[in-house]
Structure formats: structure tokens, C-alpha cells
Amino acid sequence: MKVRLFFRLLSHDITEGIIHNRKFFIFAALLFIFIDFVYWHNISLYFSDYNSVVDCGVLDFFMNVFAGCDPFDPEANKGVDIPITWFSFNVLPYLFVGLYITNDLQTSADTFILRVKSRYLWWLSKIVWCVVSSTLYYLLFFVISTAFTLFSGNFSLTQNSLITEEFLELSTYGKSMTEIFISSVLLPWMITTCHMTFDAIISITFGPVVAFLMIVCLMTTSVFYCSEFLPFNFSMLIRTDFCAINNISIYTELEVAFLIIVICLFLGLPIIKRKNII
Amino acid sequence: MNIEICNYTKKLSKNLVLENINLSLSGGKIYGFVGKNGSGKTMLMRAICGLILPTSGFVKINNKIIGKDISFPDSVGALIENPGFISEYSGFQNLKILAQIQKKIDDKKIVDTMRMVGLDPNEKKSFRKYSLGMKQKLGIAAAMMEDPQILVLDEPFNALDEASCENVKKMILSAKVPDRVVLLSCHDKNQINALCDETIELAQGKIIRRDSLYEKEK
């Protein structure tokens with residue numbers, strides 16, 4: 001009975017939070033098309049002098065977004081390097097997570113929640129919804145990036161080492177395709193998901209605006225400062241052991257992100273138990 | 001069906017919205033809550049539904065404490081302020097989605113309930129395009145369609161025309177059965193007098209008066 005109720009709630013969340021919020025995904029698609037087009041165009045220009053055609057693979061588009069930047073070094077006598085692509089890709093989901101969750105709590109109270117009869121199920125459904133939304137977000141980027149590789153006439157799911165090393169200045173020497181996939185797709189997806197669950201907790205406690213501002217602060221701080229306590233660092237290739245052996249292992253980072261999701265799930269239970277649904 | 005509210009106090013952001021409420025409500029009666037705006041009627045209804053938890057005191061429904069033994073009453077239908085429905089679906093689709101949660105009723109019951117409140121079940125118009133009165137009727141239908149043991153209607157006559165008010169009145173009277181508690185709030189004294197067995201008046205979060213039908217007739 002509880003399982004059936006949970007799936008009814010999840011179905012409601014997917015319908016209301018994704019299908020009926022499709023304007024957000026349409027906007028995301030436009031952003032992804034812009035990001036990929038700019039990258040594809042820059043690659044074409046950069047390698048225009050080469051004898052052979054240099055085409056992007058799907059993973060090249062991911063690596064472009066998640067390449068990241070060096071942390072701020074006041075002694076380096078260098079300007080601040082803000083990765084706009086990384087920032088805009090990452091900040092977008094948090095605009096609608098908190099708004100949907102708080103709005104659903106207020107509007108669905110006397111319809112759904114009273115029938116499901118469980119605050120915990122409602123919260124669990126929201127956490128799962130964060131995972132589903134994050135997955136769809138990344139799938140959308142995957143589809144658009146795939147479309148670009150098809151459009152270029154040289155479909156490839158992998159990355160082009162020439163582009164990664166010369167244009168992005170990231171070494172893929174000795175890296176397996178699995179490691180590249182984990183670093184540039186799976187890990188960023190986990191980081192986005194864990195921050196969406198964090199956003200969810202802050203939203204139901206302090207409101208969606210505070211939650212969004214906190215996320216922006218975390219992202220901005222991560223740009224300047226490299227630390228294992230700022231998980232957004234983990235979605236920058238340049239700051240993981242993908243690029244430097246002394247950096248934190250991508251597998252450890254995956255575990256940390258998973259742990260954050262679990263912690264947010266359990267932290268939310270006592271909060272939602274006492275929450276006034278007004 | 002028995003609802004007991006004992007020494008119930010609720011503070012919200014340092015404001016006392018309900019203060020030391022003591023009430024015993026039993027099945028087979030319609031209770032009317034009256035009072036000025038901000039007197040605590042809606043908050044009390046939310047407390048009974050389990051949507052808010054007390055600062056002190058408790059609500060007991062059939063000997064189960066809300067927030068301790070159960071999160072929400074086992075069988076409750078509520079219309080509290082603006083009902084939340086899916087904007088892109090029609091009225092019937094919205095009610096069907098809700099009915100599928102507990103699977104207590106079939107499509108025929110949904111259709112009958114919609115007709116009783118004065119809505120056309122075949123209407124394809126989405127909820128977003130409903131008038132205020134139609135939204136209110138749909139909210140009433142959603143609250144009543146599954147024959148809940150606790151029926152909570154917060155100002156159900158808002159935005160309804162005269163004919164619809166009469167329909168809803170008949171529905172509320174027909175909802176009065178031995179195993180059901182009906183809680184109703186309304187600003188119209190005539191409606192309250194016509195429908196309710198007991199009237200409970202609130203002011204500034206406190207119960208200031210309680211009249212039974214017997215006492216009113218005297």
C-alpha cells in the first residue's frame with residue numbers, strides 16, 4: 001500500500017514538476033544549444049588550419065562544460081577566471097527546484113498529502129524527483145550534444161583527444177573511457193543531484209529564494225577556492241585527480257556526493273515532520 | 001467518530017494563532033465555526049487535519065494523537081482556502097487522479113459528485129480556465145467524493161451563486177451521518193443556523209462561545 005502511494009506521489013511530481021514545468025526544460029535546451037554551438041564553432045575555427053577535419057564527440061561537449069578553472073591565486077598576478085559555461089549550466093536547475101517543492105507543499109496539502117497520509121512519503125518522493133529531474137537535465141544535454149555530432153557528419157559518443165589536449169588543455173593520457181565518462185558525466189550529474197537535494201532541504205526550511213542564493217554562494221566560492229568541503233569543485237575536471245594525481249579521487253567524490261543525497265534525505269525527515277503546511 | 005482537542009495552543013512566528021482550545025466533536029453532527037477574519041477558524045481546521053502541529057496540547061481522532069500515533073486522520077476530506085489542482089487537466093481528470101490515490105471510488109461516483117455540485121463532468125476546459133465559483137465547486141467535490149469520516153469545509157459558499165449554494169447545502173445536510181463529523185466555517189449566520197447542530201465562535205484564537213441547536217431553539 002505504501003509503495004503504491006509513493007509511486008502515485010512520484011507520478012504526480014513527474015507530471016507537475018517536469019511535464020507541466022516544461023518551459024524550464026525548453027529554456028535549458030536553448031541554453032545547451034547555445035553552449036554547444038559556441039564550442040563547436042570555436043573548435044572549427046581553432047582547427048581550421050589542420051589538414052584533417054577535427055570533429056567533437058559527445059563527451060567533448062561535456063568536457064567543455066565541466067573543464068572548470070584554476071582556483072584563485074592572489075600571488076599569481078592573474079585576473080579572476082570565471083567559467084561562465086560551467087556556471088550557467090550548473091545554476092539553472094536550482095532556479096526551479098525550490099520553487100516547485102515549496103509550491104507543491106502549499107497547494108497539494110488538502111488534496112494529495114491528506115490522501116497519502118504521510119509526510120515522509122511526500123519528502124521521499126521529492127528526493128526521488130530531484131534525482132529524476134537531474135537525470136533528465138543531463139539527458140537533455142546528452143541528446144543535444146549527440147545531435148551536434150550527428151549534424152557535423154561524424155557521430156561519436158567519445159571525446160577527441162586532440163581537442164581535449166590542445167583546446168581544453170586537459171591531458172587524457174592513460175585515462176580509460178570509463179574514467180573520462182565518470183569524470184565528465186557521472187560525477188557532475190551526482191554533484192548536481194546532491195545539490196538539488198540540499199536545495200530542497202533549505203527551501204522547505206527557509207524558502208526557495210534563500211536556497212537559491214545559498215547555492216549561488218557555494219558555486220561562487222567553489223570557483224575561487226578549491227576544497228573537498230565544497231562539492232561543486234568535484235564537477236570541475238581540472239580540480240579532480242583526472243588532471244592532477246594529488247587531487248581527490250573521482251571515486252571518493254562519487255561516494256561523497258551519494259552520501260550527501262542520503263544525508264539530505266534523512267535530515268529532511270524531522271524537518272518535514274514538524275513543518276506547518278499552510 | 002470522535003475528535004478531541006485538548007489544551008491546543010499554536011504559535012506561529014511569535015503570534016498566538018490558537019490558544020488553549022478544548023473541544024470534543026462527535027460523529028453525526030455538523031459543527032459550524034464562526035468568527036471574524038483572522039480569528040483562527042482556518043487554523044483550527046488545519047490543526048484537525050494534521051496540517052499544522054501544536055506548540056502544546058494535542059488533537060486526538062478516535063484515540064489516536066495527530067503527530068504522534070498518526071500523521072493525518074485516517075479518513076478526511078478537506079476544502080481549506082484555495083484548493084490545489086493540476087492547472088492543465090480538466091475537473092474530471094483532476095478528481096480522477098485524486099481518486100486513484102486511495103482507490104475507494106470509481107468514475108461513476110466522481111461523475112455523480114460533480115453533477116451534485118453543479119459541474120459538468122464532460123467539460124474539457126482545463127482547471128486553469130475555471131471561474132472562481134467552478135474552482136470552489138471542484139474543491140467541494142474533491143472533499144466530499146470519497147465519503148470521508150471527517151469532512152472539513154472552510155467557507156464552502158464563497159463565490160457560489162444562489163442555486164449552487166442551495167445544492168451545496170443539500171449535499172452538506174446529506175453528509176450528516178452517524179459516523180461522520182462535518183466541520184464548516186461560514187460568515188453567513190443564516191447558512192450556519194440552517195445547517196449546523198452546534199456553532200462554535202472563535203475570536204483571537206480562542207473559543208468564546210459554543211451554542212447547540214437545542215440551546216438556540218430555546
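Structure's up top.
Since this is a predicted model, take the numbers as computed values, not measurements. (Residues numbered from 1 in each chain as written. Chains lettered and ligands numbered in written order. Predicted model: local features only at pLDDT ≥ 70, side-chain atom pairs only at ≥ 80, totals over all residues. Heavy atoms only, no water.)

Undergrad: Would you take a moment to explain the overall build of chain A for this structure?
TA: Across its full length, chain A holds 10 helices and 0 strands. When the helices and strands of chain A are read in sequence order from the N terminus, they spell out α-α-α-α-α-α-α-α-α-α. Over its C-alpha trace chain A gives a radius of gyration of 20 Å, about what one expects of a compact globule, namely 19 Å for 278 residues. Considered along the principal axes of its C-alpha atoms, chain A spans approximately 65 × 45 × 30 Å. Of all 278 residues assigned to chain A, the portion counted as buried reaches 50%. (Helix = DSSP H or I, 4+ residues; strand = E, 2+ residues; numbered from the N terminus. Rg over C-alpha atoms; globule rule 2.2 N^0.38 Å. Buried < 20%, exposed > 50% of the residue type's maximum accessible area, 1.4 Å probe, protein only.)

Undergrad: Hey, could you run me through the overall build of chain B in this one?
TA: Broken down by element type, chain B carries 7 helices and 10 strands. Computed over C-alpha atoms, the radius of gyration of chain B comes to 17 Å, within 12% of the 17 Å expected from 2.2 N^0.38 for 218 residues, which places it in the range of a compact globule. Dimensions along the principal axes, computed over C-alpha positions, put chain B at roughly 45 × 40 × 35 Å. Burial status across chain B gives 56% buried among its 218 residues. Once local pairs closer than 6 in sequence are excluded, the contacts in chain B between residues at least 24 apart make up 65%. (Contact = heavy atoms within 4.5 Å.)

Undergrad: I'm lost on a negative patch on the surface in this one. Help?
TA: Residue and element names in this part refer to chain A. Among the surface-exposed residues, Asp70, Asp73, Glu75 and Asp81 lie close enough to one another that they form a single negatively charged patch. By secondary structure assignment, the location of Glu75 is in the loop between α3 (58-66) and α4 (84-107). Its relative accessible area of 74% is what places Glu75 among the exposed residues. (Patch = residues over 30% accessible without salt bridge, like charges linked within 9 Å, V, L, I, M, F, W, Y side chains within 5 Å. Areas by Shrake-Rupley, 256 points an atom, 1.4 Å probe, with all protein chains shown as cover. Salt bridge = Lys/Arg side-chain N within 4 Å of Asp/Glu carboxyl O. Lys, Arg positive; Asp, Glu negative; His and termini not counted. Charge placed at Lys NZ, Arg CZ, Asp CG, Glu CD.)

Undergrad: Help me out: how do you make sense of the pattern of salt bridges in this one?
TA: Any two side chains of opposite charge can pair, given that their charged atoms come close. All names here are of chain B. A full pass over the atoms with the stated rule returns 18 salt bridges over all chains. Between Glu201 and Arg209 there is a salt bridge whose closest N-O contact spans 3.5 Å. With a relative accessible area of 47%, Arg209 lands in the partly exposed category.

Undergrad: What exactly am I supposed to notice about the sheet that holds strand β3 (residues 29-34) of chain B here?
TA: Either a parallel or an antiparallel arrangement is found when strands of a sheet pair, and the pairing is made through backbone hydrogen bonds. Residues and elements named next belong to chain B. Read across the open sheet, the 6 strands follow the order β6-β7-β8-β3-β9-β10; overall the sheet is mixed. Across the chains shown, the open sheet's two edge strands, defined by having one partner strand only, are β6 (76-79) and β10 (206-212). Neighbouring strand axes in the sheet, compared pairwise and without regard to direction, differ in orientation by 15° on average. Pairing of strand β9 (residues 198-203) with β10 involves 6 bridges; the strand directions are antiparallel. Residue pairing across strands places Leu202 opposite Ile207, the latter belonging to β10. (Pairing = 2+ DSSP bridges. Axes fitted to C-alpha atoms, helices over the stretch in contact; angles between N-to-C directions.)

Undergrad: I keep staring at the interface of chain B and chain A and nothing clicks. Help me out?
TA: Where the parts come together, the accessible area they lose is often given as the size of the interface. Of the residues lining the interface, 34 residues belong to chain B; the matching set on chain A comes to 26 residues. Carbon and sulfur atoms supply 56% of the area buried between chain B and chain A, which totals about 2,600 Å² over both sides. Among the residues chain B hides against chain A, the three largest losses belong to Leu51(B), Phe72(B) and Ile101(B). Together they make up 27% of the total. A salt bridge links Arg115(A) to Glu146(B); its shortest N-O distance comes to 2.9 Å. Inspection of the region where chain B meets chain A yields 14 residue pairs in polar contact (both at pLDDT 80 or more). (Buried area = accessible area lost by both parts, 1.4 Å probe. Polar contact = N/O pair within 3.5 Å; in protein donor to acceptor, adjacent residues only side chain to side chain.)

Undergrad: Looking at this structure, how should I read the packing of aromatic side chains?
TA: Two numbers describe a pair of aromatic rings. These are the distance of the centres and the angle of the planes. The final tally for this structure, using the stated rule, is 31 aromatic pairs over all chains. Taken together, a centroid distance of 5.0 Å and an interplanar angle of 80° make the contact between Phe24(A) and Phe25(A) edge-to-face. Seen from their ring centres, Phe66(A) and Phe89(A) are 5.3 Å apart, and the 80° between their planes marks the pair as edge-to-face. Linking Phe66(A) in helix α3 with Phe89(A) in helix α4, this pair joins segments that are 23 residues apart in sequence. Classification of Phe89(A) by relative accessible area gives buried; the value is 0%. An aromatic cluster of three or more residues is present, and its members are Phe24(A), Phe25(A), Phe32(A), Phe62(A), Phe66(A), Phe89(A), Phe96(A), Tyr100(A), Trp129(A), Tyr137(A), Tyr138(A) and Phe141(A). We note Lys175(A) situated over the ring of Phe242(A); from NZ or CZ to the ring centre the distance is 5.5 Å. Here the guanidinium or amino end of Lys135(B) rests over the ring plane of Phe127(B), the centre of that ring lying 5.4 Å away. (Phe/Tyr/Trp six-rings, centres within 6.5 Å; stacked < 30°, edge-to-face > 60°. Lys NZ or Arg CZ within 6 Å of the ring centre and 35° of its normal.)

Undergrad: Honestly, the environment of Leu184(B) in this entry has me stumped. Any pointers?
TA: Residue and element names in this part refer to chain B. Note on placement: Leu184 falls in strand β8 (residues 181-185). As for Leu184 and Glu155, which are separated by 29 residues in sequence, their C-alpha atoms are 6.9 Å apart. Leave out the neighbours within four places in its chain, and Leu184 touches Ile30, Tyr31, Gly32, Phe33, Met45, Leu153, Pro156, Phe157, Ile172, Leu195 and Cys196.

Undergrad: Just checking my understanding: could you explain helix α1 (residues 2-19) of chain A for this structure?
TA: The periodicity of an α-helix, 3.6 residues per turn, causes residues three or four positions apart to be oriented the same way. The end-to-end C-alpha distance of α1(A) is 24 Å, a good match for the 26 Å that 18 residues give at a rise of 1.5 Å each. Here α1(A) has its buried residues at Leu5(A), Phe6(A), Arg8(A), Leu9(A), Leu10(A), His12(A), Asp13(A), Thr15(A), Gly17(A) and Ile18(A). Those residues of α1(A) hidden inside the fold are in contact with α2 (22-46), α4, α5 (109-116) and α6 (119-151) of chain A together with α2 (91-102) of chain B. (Expected span 1.5 Å × (residues − 1).)

Undergrad: Explanation requested: the packing of α1(A) against α6(A) in the structure shown.
TA: Two measures define how a pair of helices packs: the angle their axes make with one another and the distance between the axes. All names here are of chain A. Between α1 and α6, the least distance of the axes is 9 Å, while the angle of their chain directions is 45°. In terms of their interaxial angle, α1 and α6 are classed as oblique. Pair α1 / α6 crosses with right-handed handedness. Taken together, the residues of α6 that come into contact with α1 (itself represented by Lys2, Leu5, Phe6, Leu9, Leu10, Asp13, Ile14, Gly17 and Ile18) are Leu121, Trp122, Leu124, Ser125, Lys126, Val128, Trp129, Val132, Ser133 and Leu136. (Parallel < 35°, antiparallel > 145°, perpendicular 65-115°, else oblique. Left-handed = near helix turned anticlockwise from the far one by under 90°.)

Undergrad: When you look at the sheet that holds strand β1 (residues 2-12) of chain B in this model, what are you seeing that I'm missing?
TA: Residues and elements named next belong to chain B. The 4 strands are arranged β2-β1-β4-β5 in an open sheet whose pairing can be described as antiparallel. Pairing within the sheet leaves two strands with one partner each, and these edge strands are β2 (15-26) and β5 (64-65). Contacts from helix α1 (residues 41-49) reach β1, β2 and β4 (56-61) within the one sheet, and its direction differs from that of β2 by about 60°.

Undergrad: I tried to follow a nonpolar patch on the surface on my own but got confused; where do I start?
TA: All names here are of chain A. A contiguous nonpolar patch, built from Leu136, Leu139, Phe142, Val143, Leu150, Phe155 and Leu157 and spanning about 620 Å² of accessible area, is present on the exposed surface. As for its placement among the helices and strands, Leu150 is situated in helix α6. By relative accessible area, which is 53% here, Leu150 ends up exposed.

Undergrad: What's the story with unusual backbone geometry in this structure? I'm lost.
TA: Generally, phi is negative for residues other than glycine and the peptide bonds are trans, each holding for most cases. All names here are of chain B. Positive phi outside glycine occurs at Asn62, with the angle close to 50°. Take Asn62: it is sitting in the loop between β4 and β5. The exposure class of Asn62 is partly exposed, given its relative accessible area of 37%.

Undergrad: Looking at this structure, I do not really get the side chain of Ser203(A). What am I missing?
TA: Considering the arrangement of structural elements, one finds Ser203(A) in helix α8 (residues 177-206). Residues contacting Ser203(A), with those up to four places away along its chain left out, are Gly98(A), Thr102(A), Pro208(A) and Ala211(A).

These values are about where atoms sit, not about what they do.
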